[in-house]
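Geometric and topological summary
If you want the building blocks of each chain, they are given just below.
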Amino acid sequence: NLGRNGQFDLGWGGVMAVEGSPQEEEEEEAPRPNIMSSSGGLEADFVVDLDLDLRPSSSQDTQQENDSSSSDKDDDVDDEVEEEEDEERVGYGCKHYKRRCALVAPCCNDEVFTCRLCHDEVKDTLEMGKKAHKLDRKQVKELVCLVCKKRQNVSNECVSCGARFGMYYCEICRLFDDVDKGQYHCEGCGICRVGGRENFWHCDTCQACFHKDVREGHVCVERSLHSNCPVCFEDLFTSTKQVQILPCGHPIHKVCLVRMRNEMLRGREAWQLLRAYACPTCSKSVGDLSSLWEHIDREVAMTPMPEEYRDTKVEIVCNDCNRESSDVAFHVLALKCSHCGSYNTRRT
């Protein structure tokens, strides 16, 4: 769909977030370029903009804001209580979680790590070689209280000092967190996810949770998230970053998609412009790019080929409709599919 000012708007493409996703990581994006051009003559002021702000506004959030503005006095009292509780918890936890306990890793001779992500940052590296591994959170049997240093069995309350380890606690995932992220345990996924159970639904075919706003147009790809990001190769199913589901059904990290696009647009070749808006897995366009095709039509018409190439014909395959075209007029800028009109093609 085309958004305002004729810019391409991908809209809500399907976001899945798992437990432990810090807000800073979710909002991290490479800066959007203002122009893009190619050596083939594409005008620098033509921009196809992917709107990847994937958090829709909800009436429930708006209502909560209105209610808070009408009861400032009550909120001030509540805020004071919350601030006192927060002050007591300052200094505990790690950069991934605010918690009052650390996990004892049975896979590492009972070494202590604040969370599984802290463990993986140290033990799942190239330097570890064949010994590299991730912590199986469900195998953790013991933890250490960060208040009194008492080592004990897994629970949410210290047997010695009585400290509560986390406002949110999942016994299955050994997850403790003092920050409200809308955490919930999904039985289908087998892990905890964030965003609120009421906002997501579990697809048994894809074996993953998706936002309810994409349910109507959802494209099922069996075990689609049980794979690696095609850009950074991180496991998507347990990733703490937001995952974008493209119209073709393939998943990719939202931030990786933005960075890949921006990196392609820094190039000066026409093919980089086309690849910037294509799925890195199957090469299909990420949406309706008819406005871009029309622009390329004009550029091709204004850039005649030398006489020795004007009658040259080639065979191509379209990445969008997967159909072959023969006797396509060769042009140095791009090759157009004779069936769907897309320039997202390749020669055979």
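In this text, all values refer to a predicted model and were calculated from it rather than measured experimentally.

Moving on, we get to the overall build of the chain. Regarding its fold elements, the chain presents 7 helices and 16 strands. Counting all 348 residues of the chain, 43% fall into the buried class. Pairs at least 24 residues apart make up 47% of the contacts formed inside the chain by residues separated by at least 6 positions. As displayed, the chain offers around 19200 Å² of accessible surface, 45% of which is attributable to carbon and sulfur atoms.

Time to look at the sheet that holds strand S14 (residues 313-318). Strand order in the open sheet formed by 3 strands is S15-S14-S16, with antiparallel pairing between adjacent strands. Two strands close off the open sheet at either side, each with one partner strand: strand S15 (324-329) and strand S16 (345-347). Each neighbouring strand pair of the sheet contributes to a mean axis angle of 40 degrees, computed without reference to strand direction. When S14 meets S16, the two strands line up antiparallel, connected through 3 bridges. In the strand pairing of S16, Ile316 is matched with Arg347.

As a further point, take the state of the cysteines. If you walk through the whole model with that rule in mind, you get 0 disulfides. Cys145 takes part in no disulfide bond, and the closest cysteine sulfur, belonging to Cys158, lies 3.7 Å away. For Cys279, which is in no disulfide, the shortest distance to another cysteine sulfur is to Cys248 and amounts to 3.7 Å. You can call Cys279 buried: its relative accessible area is 1%.

Okay, the confidence of the model for the chain next. For any part of a model where pLDDT is low, the fine detail of the predicted coordinates should not be relied upon. Averaged over all residues, the pLDDT of the chain is 76; the fraction at 70 or higher stands at 74%. Within the model, the stretch residues 1-81 combines pLDDT values under 50 with 158 contacts to residues more than four positions away or in other chains.

For the rest of this paragraph, the subject is the packing of aromatic side chains. According to the stated counting rule, one finds 5 aromatic pairs in the structure shown. Aromatic side chains Trp293 and Tyr343 sit 6.2 Å apart centroid to centroid with 55 degrees between the ring planes, which places their arrangement in the tilted category. You can see Trp293 sitting in helix H7 (residues 290-301) and its partner Tyr343 sitting in the loop between S15 and S16, a full 50 residues away along the chain. A residue is classified by how much of its surface remains accessible, and Tyr343, at 4% relative accessible area, is buried. Ring centres 6.2 Å apart and planes at 45 degrees place the aromatic pair Tyr309 and Phe330 in the tilted group. Of this pair, Tyr309 sits in the loop between H7 and S14 while Phe330 is found in the loop between S15 and S16, placing the two residues 21 residues apart along the sequence. On the basis of relative accessible area, Tyr309 is assigned to the partly exposed category, the value being 40%. Positioned above the aromatic ring of Phe237 is the side chain of Arg193, whose terminal nitrogen or guanidinium carbon lies 5.0 Å from the ring centre. Between the NZ or CZ atom of Arg215 and the centre of the ring of Trp201, over which it lies, the distance is 4.5 Å.

Rules of the game
- Residues numbered from 1 in each chain as written.
- Predicted model: local features only at pLDDT ≥ 70, side-chain atom pairs only at ≥ 80, totals over all residues.
- Heavy atoms only, no water.
- Helix = DSSP H or I, 4+ residues; strand = E, 2+ residues; numbered from the N terminus.
- Buried < 20%, exposed > 50% of the residue type's maximum accessible area, 1.4 Å probe, protein only.
- Contact = heavy atoms within 4.5 Å.
- Areas by Shrake-Rupley, 256 points an atom, 1.4 Å probe, with all protein chains shown as cover.
- Pairing = 2+ DSSP bridges.
- Axes fitted to C-alpha atoms, helices over the stretch in contact; angles between N-to-C directions.
- Disulfide = S-S within 2.5 Å.
- pLDDT = per-residue confidence, 0-100.
- Phe/Tyr/Trp six-rings, centres within 6.5 Å; stacked < 30°, edge-to-face > 60°.
- Lys NZ or Arg CZ within 6 Å of the ring centre and 35° of its normal.

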